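Chain and residue survey
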Amino acid sequence: MSGSGAPRVSAVDGHDLEVVIVASTWHDQVMNGLIAGARRALDEYGAGHRLVRAVGSFELPLVAQAALRTGADAVVALGVVIRGGTPHFDYVCRAATDGLLRVGLGAGAPVGFGLLTCDDEEQALDRAGLPGSHEDKGYEAAQAAVSSVLTLRSLAGQVQER
């Protein structure tokens, strides 16, 4: 199980943050769980947030980039790609993953990575934060995005103090 060894994050204060959840539209049940988890985390941290939908996981980087250009402090990118019988899975996963990395580095802003890349629907459901799921990757991606914004702010403050 990939959740083994997950960090314990203490209380986070994100009251002055604006976060955009960018979520694909494929696999409704899984996506509903991921979105609910991300919203729950952002509500717990007091961060303002809004939801924007991308057609699919391949489109997540472009929509995430546009969201950051609106002044958002961070993006939580949510999607799911389930392996099929063709190489399509590999192309979409690689493009979305590499694209989201480039967006975050280019903008200097966190992109919480909530893209599930699963062999089957059962694996996706088990990570979607639904009743009976073992993991809540939407929550974890939002948690990572907010924590990263606060870390970047702390580092920027240390640089200014010098």
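Residues numbered from 1 in each chain as written. Predicted model: local features only at pLDDT ≥ 70, side-chain atom pairs only at ≥ 80, totals over all residues. Heavy atoms only, no water.

As recorded in an unreviewed UniProt entry, the protein goes by 6,7-dimethyl-8-ribityllumazine synthase and comes from Actinomyces radicidentis. What UniProt records for the protein under Function (unreviewed entry) is the sentence "Catalyzes the formation of 6,7-dimethyl-8-ribityllumazine by condensation of 5-amino-6-(D-ribitylamino)uracil with 3,4-dihydroxy-2-butanone 4-phosphate. This is the penultimate step in the biosynthesis of riboflavin." (UniProt positions renumbered as here; feature names shortened; annotations may be inferred.)

1. Points about the UniProt feature "active site" (unreviewed entry) in the protein
As annotated by UniProt and renumbered to match this structure, "active site" (unreviewed entry) occupies His88. Mapped onto the elements, His88 comes out in helix H3 (residues 88-107). (Helix = DSSP H or I, 4+ residues; strand = E, 2+ residues; numbered from the N terminus.)

2. Some remarks on the pattern of salt bridges
Evaluation of the coordinates by the stated rule reveals 9 salt bridges. As a salt-bridge pair, Asp16 and Arg153 come within 2.9 Å of each other at their nearest N and O atoms. Note that Asp16 is positioned in the segment before strand E1 (18-24) and Arg153 in helix H5 (residues 137-161), a separation of 137 residues in sequence. Between Arg83 and Asp119 there is a salt bridge whose closest N-O contact spans 2.9 Å. Of this pair, Arg83 sits in the loop between strand E3 (74-82) and H3 while Asp119 sits in the loop between strand E4 (111-118) and helix H4 (121-127), placing them 36 residues apart in sequence. Three or more residues joined by partner-sharing salt bridges are found here, namely Arg127, Glu135, Lys137 and Glu140. (Salt bridge = Lys/Arg side-chain N within 4 Å of Asp/Glu carboxyl O.)

3. Comments concerning the UniProt feature "binding site: (2S)-2-hydroxy-3-oxobutyl phosphate" (unreviewed entry) in the protein
According to UniProt, the positions carrying the feature "binding site: (2S)-2-hydroxy-3-oxobutyl phosphate" (unreviewed entry) are Gly85, Thr86 and Arg127. Over a stretch of 43 residues, the named residues are scattered through the fold, their C-alpha atoms separated by up to 23.2 Å. Lining of the largest pocket among the annotated residues: Thr86. For Gly85, the location among the structural elements is in the loop between E3 and H3. A relative accessible area of 84% places Gly85 in the exposed class. Tracing the chain through its elements places Arg127 in helix H4. (1 Å grid on protein atoms, 1.4 Å probe; cavity = no way out; pocket = protein on both sides within 12 Å on 5 of 7 lines; lining within 4 Å. Buried < 20%, exposed > 50% of the residue type's maximum accessible area, 1.4 Å probe, protein only.)

4. A look at the layout of surface pockets
Its volume calculated, the largest pocket comes out at about 280 Å³. Here the residues of the lining of the largest pocket sort into 8 nonpolar, 7 polar and 1 charged. (Points joined across faces, edges and corners; volume = space filled by probe spheres on them. Nonpolar A, V, L, I, M, F, W, Y, C, P; charged D, E, K, R; others polar.)

5. Some thoughts on the sheet that holds E1
Strand order across the open sheet formed by 4 strands is E2-E1-E3-E4, with parallel pairing between neighbours. The open sheet has two edge strands with one neighbour each: strand E2 (48-54) and E4. With strand direction ignored, the average angle separating the axes of adjacent strands in the sheet is 15 degrees. Across 8 bridges, E3 lies against E4 in parallel orientation. Residue pairing across strands places Val81 opposite Thr117, the latter belonging to E4. Its contacts with the sheet put helix H1 (residues 28-45) on E1, E2, E3 and E4, and the angle it makes with E3 is roughly 160 degrees. Contacts between helix H2 (residues 60-69) and the sheet are confined to E1, E2, E3 and E4, with E1 contributing the most and set at about 160 degrees to the helix. (Pairing = 2+ DSSP bridges. Axes fitted to C-alpha atoms, helices over the stretch in contact; angles between N-to-C directions. Contact = heavy atoms within 4.5 Å.)

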